[in-house]
Amino acid sequence: MSTLARARCVFGAHPSAMDTVLAVVVLVCMVAGSFVDPHGPESVSWELRTPDALSLALMTAGAAALAFRRRQPMAVLVVTGCVSVVESITGDPRAPVVMSAVIALYTVAASTDRPTTWRVGLLTMTVLTGAAMLAGPLPWYAQENLAVFAWTGIGATAGDAVRSRRAFVQAIRDRAEKAERTREEEARRRVAEERLRIARDLHDVVAHHIALVNVQAGVASHVMDKRPDQAKEALAHVREASRSALDELRATVGLLRQSGDPEAPTEPAPGLARLDELVATFHHAGLRVEVARTDQGTELPAAVDLAAYRIIQEALTNVQKHAGRQAKAEVSVVRVGPDIEVTVLDDGTADGEVPDGTTEGGGHGLLGMRERVTAVRGTLTTGPRYGGGFRVHAILPVKSRTDAAAQATEATGDPV
């Protein structure tokens, strides 16, 4: 580190010491300047002189006030301005006491706003220059009077420029810090959303397959002694449901792997293309399900396709758990304009139970459905049917916002 940088660090940590050193340096410069008289016998030469006691006292007072310029900039400007006015009126030849007022004006301009700088700067220039021109011993057009006007203007301008630069640098730092905080918040938000999505997938997979396993295991236990062939078939369904659950859990949990973990084969996320397989698992569990579809040929975004599949899965699971043994479910997937409508109805009569998520202390099935639908900017309606049963109705957009924006860009040639 250079000597200048080291000194800057020391003075930056101790601003009062820096102001004291500045006051001493200014006092030395003013005293040194007071020994030079620019007006010789012919008014164009320079010669040495001895300053009077009043000028030395005024220079000392002005320099001493600068030691407090950071704590009381306005008060210091008033003090230095007053001693400068007195010297302008009484000094003949004049000592450079106005140097302290220029530095004080610079400090005020650097520590306040621009309107204040304009008002204080103009007032200081007017008072000091007017006193020197009107009440001083020199003619009003003397170069020393014009120098007072110029130096006070330079002090105010320099202070305002320093303040503007500090504000600009601080604004850049604030924007950088804000951008960093925004990136961190966005990263945390994305992590939270991903964790919530994975939690929904795990809930859907576990709730669906465990419900099927429970039903088939109950059937197997009931017919084990009298009809072992049917019990064997039920156990085969249990094994198939458990294997399917393990495969989906492996695919979902695989998303949690770190980048350095060894790769493992994972299946793609399920969608409506596997709706027949899903319905077949409920058929094997003893639930009557009818399916009606008019969405053939419709290509859905991956998120919408997964949401539709999970909604049907969760709704049928709720029917299996709550609608009663004789319940019948109807599933319809219909393309209506720019949307696809998924409806699951049942005619069951719940024996004191309600679907998950509809009462306090219940599960999170309907809540998970609603979150999935909201994530793809769709709408979900759920509730009991008139005359008994339950209805789940979801309207999902066929095209995501990204796809719509891309098509608009291709059509217009401009980004949307």
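This report concerns the structure included in the present document. What you are looking at is a predicted structure, and each value in this text was computed from that prediction instead of being measured.

Okay, the overall build of the chain next. On a plain count of helices and strands, the chain comes out with 12 helices and seven strands. Buried positions account for 36% of the 416 residues belonging to the chain. Relative to all contacts within the chain whose residues are 6 or more apart in sequence, the contacts with residues 24 or more apart total 66%. Roughly 24,500 Å² of accessible area belongs to the chain as shown, and the carbon and sulfur atoms make up 61% of that amount.

Oppositely charged side chains may form a pair once their charged atoms are brought near each other. Summed over all chains, the structure comprises 11 salt bridges. Among the salt bridges present, the one from Lys-328 reaches Glu-290, with a minimum N-O distance of 2.7 Å. Residue Lys-328 is found in strand S4 (residues 328-336), and its partner Glu-290 is found in strand S3 (residues 288-293); the two are separated by 38 residues along the sequence. By relative accessible area, Lys-328 is classed as partly exposed at 22%.

So, about the pairing of strand S6 (residues 379-384). As judged from the six bridges shared by S6 and strand S7 (residues 390-397), these two strands associate in the antiparallel manner. Bridge assignment links Thr-382 to a residue of S7, and that residue is Val-392. Taken together, S6 and the strand that follows it, S7, pair antiparallel across an intervening segment of five residues, in which Gly-387 is found at a positive phi of about 95 degrees.

Notably, Arg-377 is not glycine yet its phi reads approximately 65 degrees, a positive angle. Relative to the assigned elements, Arg-377 resides in the loop between helix H11 (365-375) and S6. Looking at Arg-377, the relative accessible area reads 55%, which means it is exposed.

Below, the discussion takes up the packing of helix H10 (residues 302-322) against H11. Where H10 meets H11, the closest approach of the two axes is 10 Å, and the angle between their N-to-C directions is 165 degrees. Taken together, the axis directions place H10 and H11 in an arrangement best described as roughly antiparallel. Classified by chirality, the crossing of H11 by H10 is left-handed. Along its contact with H10, which presents Leu-306, Ala-307, Arg-310, Ile-311, Glu-314, Ala-315 and Asn-318, the element H11 presents Gly-365, Leu-366, Met-369, Arg-372 and Val-373. Looking at side-chain class alone, the contact of H10 with H11 contains seven nonpolar, two polar and three charged residues.

All right, on to the sheet that holds S3 then. In space, the five strands of this open sheet follow the order S3-S4-S5-S7-S6, with mixed pairing throughout. Of all the strands in the sheet, the pair left with one neighbour each is S3 and S6. Looking at each pair of strands side by side, their axes are set apart by 10 degrees on average, direction ignored. Relative to S7, strand S5 (residues 339-346) runs antiparallel, the two sharing eight bridges. Within S7, the residue paired with Val-344 across the bridge is Val-392. Contacting S3 and S4, helix H9 (residues 275-284) runs over the sheet at an angle of about 160 degrees to S3.

Looking now at the environment of Arg-114. Along the chain, Arg-114 turns up in helix H6 (residues 114-135). Linking Arg-114 and Thr-157, residues 43 residues apart in sequence, is a C-alpha distance of 10.0 Å. With near-sequence residues (within four places) excluded, Arg-114 lies in contact with Asp-160, Arg-163 and Ser-164.

In terms of nonpolar packing, the biggest core is built from 37 residues, with Val-289, Ile-312, Leu-316, Val-392 and Leu-396 touching the most fellow members. Contributing elements (two or more residues each) for this core: H9, H10, S4, S5, H11 and S7. Looking at which element gives the most residues to this core, the answer is H10, with eight residues. If sequence neighbours within four positions are ignored, Leu-396 has contacts with Val-304, Ala-308, Asp-339, Ile-340, Val-373 and Val-376. Ranked by size, the runner-up nonpolar core spans 20 residues in total, among them Ala-23, Ala-65, Leu-105 and Val-108.

Before going further, it helps to examine H11. Those residues of H11 not exposed but buried are Gly-365, Leu-366, Gly-368, Met-369, Arg-372 and Val-373. The buried residues of H11 occupy an angular sector of 160 degrees when the element is viewed end-on, so they sit on one face.

Calculation rules
Residues numbered from 1 in each chain as written. Predicted model: local features only at pLDDT ≥ 70, side-chain atom pairs only at ≥ 80, totals over all residues. Heavy atoms only, no water. Helix = DSSP H or I, 4+ residues; strand = E, 2+ residues; numbered from the N terminus. Buried < 20%, exposed > 50% of the residue type's maximum accessible area, 1.4 Å probe, protein only. Contact = heavy atoms within 4.5 Å. Areas by Shrake-Rupley, 256 points an atom, 1.4 Å probe, with all protein chains shown as cover. Salt bridge = Lys/Arg side-chain N within 4 Å of Asp/Glu carboxyl O. Pairing = 2+ DSSP bridges. Axes fitted to C-alpha atoms, helices over the stretch in contact; angles between N-to-C directions. Parallel < 35°, antiparallel > 145°, perpendicular 65-115°, else oblique. Left-handed = near helix turned anticlockwise from the far one by under 90°. Nonpolar A, V, L, I, M, F, W, Y, C, P; charged D, E, K, R; others polar. Core = buried A, V, L, I, M, F, W, Y, C linked by side-chain atoms within 4.5 Å. Arc of directions from axis to C-beta.

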